[in-house]
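Coordinate inspection notes
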Amino acid sequence: MNHQQKRIKRTNPLLFGLEIGFFAGLFWGGIQWVFYIFHFTVIPTGFIAEPFFKHSFIYSAPGQWLGWAFFIGFSILATLLYIFTLRKLRGPIPGLLYGIVWWFLIFIWPGPIFGMVKPITEVTWDTIYAEFCLFLLWGLFIGYSIAVEYTNERKREPEMV
């Protein structure tokens, strides 16, 4: 094969989205659980499963594990949505904004209506700060991971010598 006929390997968006979403949910769902255990937040890890299960179950240990699995599933879906709509955006800012949008959707408007979380006026400031920062970093993780893969963000990284 001639040097000029190099094959460009393209990343499969579906598989890449599943991978990034799984690890986003695994890592940041775990951090959310730690926040809950150490009382940085009053929102349990199972908050996404709240509409589907009894409230008392969500606060039990099996409910927390199930909630973590729901968070992983939610992260996969959110990552796929990002990949198929916003993957060409560059830099960390779109990911940060994506996390803020999801925080707004979960904690301000439809989340309390569907019973996923308490209204924002009924939770502590520590919860608001912890959850906002968590979703900010979760969105950054998703957005910037995708930006590095699908744009020329790798060119900003220092070269290994």
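Before reading on, note that the structure itself is shown above.
Predicted model only: the values in this text are computed from it and were never measured.

Turning next to the overall build of the chain. Along the backbone of the chain there are six helices and zero strands. Walking the chain from its N terminus toward its C terminus, one meets helices and strands in the order α-α-α-α-α-α. Oriented by its inertia axes, the alpha-carbon framework of the chain measures out at about 65 × 30 × 25 Å. The buried share of the chain, reckoned over its 161 residues, is 41%. Expressed as a percentage of contacts within the chain between residues at least 6 apart in sequence, the contacts between residues at least 24 apart total 70%. Summed over its atoms, the accessible surface of the chain is roughly 10000 Å², and 69% of this surface lies on carbon and sulfur atoms. Counting 12 positive and 9 negative side-chain charges, the chain places the averaged centre of each group 15 Å from the other.

Turning our eyes to something else, we now look at a nonpolar patch on the surface. On the surface, F104, I108, W109, I113 and F114 cluster together into a nonpolar patch covering about 570 Å² of accessible area. Note that F114 resides in the loop between α5 (110-113) and α6 (125-150).

The subject of this paragraph is helix α4 (residues 93-107). Under the 1.5 Å per step criterion, the end-to-end length of α4 is 21 Å for 15 residues, consistent within 8% with the ideal 21 Å. Among the structural elements, α3 (61-86), α5 and α6 are those in contact with the buried residues of α4.

A few words on the nonpolar core. Within the largest apolar cluster, 27 residues are counted, with the highest numbers of intra-cluster contacts made by F47, F71, F74, I106, F135 and W138. Breaking this core down by element, the ones donating at least two residues are α1 (13-37), α3, α4 and α6. Broken down by element, the residue count for this core peaks at seven residues, all from α6. Setting aside chain neighbours within four positions, we find F74 in contact with I48, W102, I106, F135 and W138. Counting five residues, the second largest nonpolar core, distinct from the first, contains W68, I72, I76 and L80.

Calculation rules
- Residues numbered from 1 in each chain as written.
- Predicted model: local features only at pLDDT ≥ 70, side-chain atom pairs only at ≥ 80, totals over all residues.
- Heavy atoms only, no water.
- Helix = DSSP H or I, 4+ residues; strand = E, 2+ residues; numbered from the N terminus.
- Buried < 20%, exposed > 50% of the residue type's maximum accessible area, 1.4 Å probe, protein only.
- Contact = heavy atoms within 4.5 Å.
- Areas by Shrake-Rupley, 256 points an atom, 1.4 Å probe, with all protein chains shown as cover.
- Lys, Arg positive; Asp, Glu negative; His and termini not counted.
- Charge placed at Lys NZ, Arg CZ, Asp CG, Glu CD.
- Patch = residues over 30% accessible without salt bridge, like charges linked within 9 Å, V, L, I, M, F, W, Y side chains within 5 Å.
- Salt bridge = Lys/Arg side-chain N within 4 Å of Asp/Glu carboxyl O.
- Expected span 1.5 Å × (residues − 1).
- Core = buried A, V, L, I, M, F, W, Y, C linked by side-chain atoms within 4.5 Å.

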